[in-house]
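Each chain, letter by letter, is given below.
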Amino acid sequence: MRKLFGKKKKGSEDSSSPSGSASLQPSQGGLNGAPGEVLSVKPAYLNLTEFTFPARALSMFSNSRDEEIILDRCRRCSDGFTHTFMNWTTNIIAGIPKTDDYRAISYVWGQTIQLPMRCSHCGHSFHIPMHSAYRFRRLMMMTANSGDSVWLDALSIDQTSPEDKARIIAVMGDIYSRAKTVAVLFPEADGEGFKIMYDLTQAATAINANKLEFSQPGQDGHPSPRLAELSKVCTEFYEMLGQFDQNLHKYLYWRRAWTFQEWALARNISITWEGGMPLNLEPVKTVILQAATTTSIYAFSQREYAIIKMGFSGASIPSRFEIVRRLFPDELAFHPLGTVDEKEISIDVMMPSMRFGSALGLRASRGPDMSRLANPLPIDQMFSLRPNLQESEEDQFQNRLSMALSTFGISKREARFEADLISCWASMCNIKYAYDVHDSYVVALQKVLHSLRTEHKLKVYNFLVNTSGASGEVDAHFQDYACLHEQCNAAIVKGKFSGIPIFTGRADTGIHLRLAIARPTILPQLRGSGVELRKIKDASILFVVPLKNHDEVLFHMARAVSGTVDGMVFTDVLQNISDILKHTPPEQLERSSLAIVRIPLNSPDANAMGKVMGMVTWAIIPSDLAASSCFVAREGLNGTLVLAAPGKDRLEVVAYITLTDHQSGTLLISVDAHESSCGCGADHGKGSVELTLKSPIRGGVVNSALVDDRLIRGSIRFEDGSYIAY
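Residues numbered from 1 in each chain as written. Predicted model: local features only at pLDDT ≥ 70, side-chain atom pairs only at ≥ 80, totals over all residues. Heavy atoms only, no water.

Student: Just to check I follow, could you spell out the environment of Arg519 for this structure?
Tutor: You can see Arg519 is positioned in the loop between α19 (509-517) and β13 (531-535). Sequence separation between Arg519 and Ile621 is 102 residues; the distance between their C-alpha atoms is 9.2 Å. Excluding residues within four positions of it along the chain, Arg519 makes contact with Val465, Arg591, Pro622 and Val654. Within the local environment of Arg519, its side chain forms a polar contact with the backbone oxygen of Val465, the two atoms lying 2.9 Å apart. (Helix = DSSP H or I, 4+ residues; strand = E, 2+ residues; numbered from the N terminus. Contact = heavy atoms within 4.5 Å. Polar contact = N/O pair within 3.5 Å; in protein donor to acceptor, adjacent residues only side chain to side chain.)

Student: Help me understand the confidence of the model for the protein in this model?
Tutor: For any part of a model where pLDDT is low, the fine detail of the predicted coordinates should not be relied upon. Chain-level pLDDT for the protein is 86 on average; 86% of the residues reach the 70-or-more range. Low pLDDT, under 50, characterises residues 1-19; the predicted model gives this stretch 53 contacts beyond four residues in sequence or across chains. In this model, residues 23-36 is a region of pLDDT below 50 whose contacts with residues beyond four sequence positions or in other chains number 36 contacts. (pLDDT = per-residue confidence, 0-100.)

Student: Even after reading the chapter, I still don't get the environment of Glu229, so can you show me in this structure?
Tutor: Locating Glu229 in the fold gives a position in helix α7 (residues 225-246). In this structure Glu229 comes out as buried when scored by relative accessible area, which is 17%. Residues Glu229 and Lys42, 187 residues apart in the sequence, show an inter-C-alpha distance of 8.0 Å. (Buried < 20%, exposed > 50% of the residue type's maximum accessible area, 1.4 Å probe, protein only.)

Student: Just checking my understanding: could you explain the nonpolar core for this structure?
Tutor: One broad rule of soluble globular proteins: the nonpolar side chains tend to lie buried together. Within the largest apolar cluster, 155 residues are counted, with the highest numbers of intra-cluster contacts made by Met197, Phe237, Ile271, Phe328, Leu401 and Trp425. Ignoring sequence-local partners within four residues, the contact set of Phe328 consists of Met197, Leu200, Leu241, Trp263, Lys285, Ile288, Leu289 and Phe334. (Core = buried A, V, L, I, M, F, W, Y, C linked by side-chain atoms within 4.5 Å.)

Student: What's the story with the sheet that holds strand β25 (residues 710-717) in this structure? I'm lost.
Tutor: Either a parallel or an antiparallel arrangement is found when strands of a sheet pair, and the pairing is made through backbone hydrogen bonds. Across the sheet, which stays open at both edges, the three strands sit in the order β23-β24-β25 with antiparallel pairing between neighbours. Each edge of the open sheet carries a strand with a single partner, namely β23 (671-672) and β25. In this structure, β23 lies alongside strand β24 (residues 686-693), joined through two bridges in antiparallel fashion. Bridge pairing in β24 links Val671 to Val689. (Pairing = 2+ DSSP bridges.)

Student: Would you mind going over the packing of aromatic side chains with me for this structure?
Tutor: Aromatic rings considered in pairs are described by the distance between their centres and by the relative angle of their planes. Considering all chains together, one arrives at 27 aromatic pairs under this definition. With centroids separated by 5.8 Å and ring planes inclined at 40 degrees, the aromatic side chains of Trp263 and Phe328 adopt a geometry described as tilted. Here Trp263 is found in helix α9 (residues 257-264), whereas its partner Phe328 is found in the loop between α11 (317-327) and α12 (342-350), with 65 residues between them in sequence. Of the two residues examined, Trp263 and Phe328, each falls in the buried class. In this structure, Arg138 is placed above the aromatic ring of Phe53, and the distance from its NZ or CZ to the ring centre is 6.0 Å. Lying over the aromatic face of Phe300, Arg303 brings its terminal NZ or CZ to 4.7 Å of the ring centre. (Phe/Tyr/Trp six-rings, centres within 6.5 Å; stacked < 30°, edge-to-face > 60°. Lys NZ or Arg CZ within 6 Å of the ring centre and 35° of its normal.)

Student: Got a minute to help me understand unusual backbone geometry in this structure?
Tutor: Trans peptide bonds make up the majority, and among non-glycine residues the majority have a negative phi. That bond from Glu282 to Pro283 is cis: its omega, -10 degrees, falls within 30 degrees of zero. Looking at where Pro283 falls in the secondary structure, it is placed in the loop between β11 (280-281) and α10 (285-302). The phi dihedral of Met86 is positive, around 50 degrees, even though this residue is not glycine. Phi angles above zero are rare outside glycine, and Asn87 is one such case at about 65 degrees. Within the secondary structure, Asn87 is located in the loop between β3 (80-85) and β4 (88-93).

Student: Quick question: what am I supposed to make of the packing of α19 against helix α21 (residues 573-583) here?
Tutor: Between two packed helices, the angle of one axis relative to the other and the distance separating the axes together describe the packing. Relative orientation of the contacting elements α19 and α21 amounts to 30 degrees, with a least axis distance of 10 Å. By the angle class used here, α19 and α21 are roughly parallel. Between α19 and α21 the crossing geometry is right-handed. Between α19 and α21, the residues in contact are Thr509, Gly510, Leu513, Arg514 and Ile517 and Val573, Ile577, Ile580 and Leu581, respectively. (Axes fitted to C-alpha atoms, helices over the stretch in contact; angles between N-to-C directions. Parallel < 35°, antiparallel > 145°, perpendicular 65-115°, else oblique. Left-handed = near helix turned anticlockwise from the far one by under 90°.)

Student: Got a minute to help me understand α19 in this structure?
Tutor: The periodicity of an α-helix, 3.6 residues per turn, causes residues three or four places apart in sequence to face the same way. In terms of burial, α19 is largely enclosed, as seven of its nine residues are buried. If you check which residues of α19 are buried, you get Thr509, Gly510, His512, Leu513, Leu515, Ala516 and Ile517. Of the residues flanking the start of α19, the one acting as N-cap is Asp508, its side-chain oxygen 3.1 Å from the backbone nitrogen of Gly510.

Student: When you look at the pattern of salt bridges in this model, what are you seeing that I'm missing?
Tutor: Side chains that carry opposite charge are capable of pairing whenever their charged atoms lie near each other. Counted under the stated rule, the structure contains 22 salt bridges. A salt bridge links Arg178 to Asp100; its shortest N-O distance comes to 2.9 Å. With Arg178 in helix α5 (residues 172-178) and Asp100 in the loop between β4 and β5 (103-106), the pair connects residues that are 78 residues apart, well separated along the chain. Judged by its relative accessible area of 24%, Arg178 falls in the partly exposed class. A residue is classified by how much of its surface remains accessible, and Asp100, at 37% relative accessible area, is partly exposed. Within this structure, Asp245, Glu322, Arg326, Glu486 and Lys496 form a network of salt bridges that share partners. (Salt bridge = Lys/Arg side-chain N within 4 Å of Asp/Glu carboxyl O.)

Student: Which parts of the structure should I look at to understand the sheet that holds strand β2 (residues 69-71)?
Tutor: With mixed pairing, three strands are arranged side by side in an open sheet as β2-β6-β7. Taken across any chain shown, the strands that pair with only one partner, and hence form the sheet edges, are β2 and β7 (125-130). Averaged over neighbouring strand pairs, the angle between their axes works out to 35 degrees when direction is ignored. As paired strands, β2 and strand β6 (residues 113-119) are joined by three bridges and run parallel to one another. Each bridged residue has a counterpart across the sheet, and for Leu71 the counterpart in β6 is Cys119.

Student: Help me out: how do you make sense of the pairing of strand β19 (residues 641-646) in this one?
Tutor: Most of β19 is tucked away, with five of its six residues classed as buried. Across four bridges, the pairing between strand β18 (residues 631-635) and β19 is antiparallel. Its bridge partner lying in β19, Arg634 is registered against Leu641. Linking β18 back to β19 in an antiparallel pair, the connection comprises five residues, with Gly639 at a positive phi of about 80 degrees. As paired elements, β19 and strand β20 (residues 651-656) share five bridges and run antiparallel to each other. When the sheet's bridge partners are listed, Ala644 is paired in β20 with Val653. Two successive antiparallel strands, β19 and β20, enclose a turn made up of four residues.

Next up, the structure:
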């Protein structure tokens, strides 16, 4: 580490300061020497013990937790706030930033007090929510230079004004995505995570310092000592990435609801640790993304000919790079997780030396420009990504929403208020709705879903019934279906289904079954607007089997599962179902039953799965529900098939009907139809079904089980009339 402190603005008389930036240079050893030399590319990894801030030095920052903070200017006498401490001046923006020349501060609030503040210029006194005076002063030292501007939520938002909170929370996504840098303060409890991120950045810097080695074609034989050492650094880099990903749930910063969006939207990131020296390590995000992209493209395109090794097989490259995309989202450089056409991925897998963009999830690319790797530019510029890629505003919105939801789902999130578990990702996408901090989780979710469906015209699928009063409108397990699902019966090469279930209508069978069985005994009450139901003519429930009857459940489920089992790429999903039933507490199984449902399908295809006999489908229903009172219907919100039944004083949706396939997972059944109120001359008594069974792509695997898409299509008939379910 070459310097502890940053620098004053030009013309400043005092060049010392209590804050600054760490050098990202690896340990020196002749990185620019002759090609045949043994060069040291070992990064300067962090000794956390030596870096820890001595307890005796804490008094430099504050004498007590609630020590009054003196400001030079405040919102009342100026257009913002100004704070100076130990000759280090920081300007704090009030309200929504008017320019992009600022740092947005990201930190964990934790247990706050009302920290007293007083403006020395106008005498105004007020309080802000902050853990301590020490933390506030550490946050103020996270700028690159004295005199720089920051956006700090506790101060930039008028905490006494509900109107100001609602106005600014609605555009938090813009605030963090526009900032030049997001400055992250790792809480004291996250020392291990800070060390991994620090070391990861150092390893990435060493890789980038040897960037030209990755422009060389693969070769046979043994690597030189120089390249062997570079291989070691690459291996360490990916090992640390995996370690950080696996331990993410341990770190306080990544468990909080709001911090996830602040990290995800950052153009670049600087980091510091609350328990360590007042030093800012930067740049972090661009350096790591450059190293990961350079090495992944090299390893993917060279495969077995790669002389620089990454420490894992070529087939694992896309999944390893997916970790990078999850941990360091970049909406300019990457497609949202799970949104790339699987056929395009398969072409990349078959021709890795010619193309790589789809397999790695990169936007259209012409390849890396090694001459531009000298400085840590954003990788969309570095690798010429997204050239001439035109997207509508709604496409951009849905891409950000997909990125937000998949990133939010990488670890369990916590928030002081339930409503913030929704608001944190909704505000990331600037979704307009009536935010109320006192809303329950499902009420806040209901508001956002209404906005998505009405304002943005998105089809957002429900998979489960777990609310009352809005049984066909709000699925409380929304977040479980708003992230990529790993296929439970994938064999040798694990993989995820393409697309987010709430947008595709396809989920993993094991995940869906576990969540369906976990239906709560008491459903949260909502005030819904109701959904239209149209009964399906001649549809029927064939069997109802208590889930506690293990063998009988498997016998009947076998009729409702299609597809191929080869034991190598796909195993029998019935075995996964059996394992779930065996490991579910008996008292939980007692509450649910399996319903096998026949859907008549008039198909034009002789080999269609259902033919005229219909599709055999399934749903999980409450054991105390009288199956004889149920009927099959199409719900008008998303057009999917459901089971409905009379409730205490109204009709209710009781379950969503699904079809399961060994290769393709579990799918909702969508039916296209003209609404009963439509005045056109079409046949309103007919609906059409067209389901595509896609086999997920497995990197580096060619197998007969990876068949082409299969199509189930046909028509169904509705009974006369319609109903409203709540």
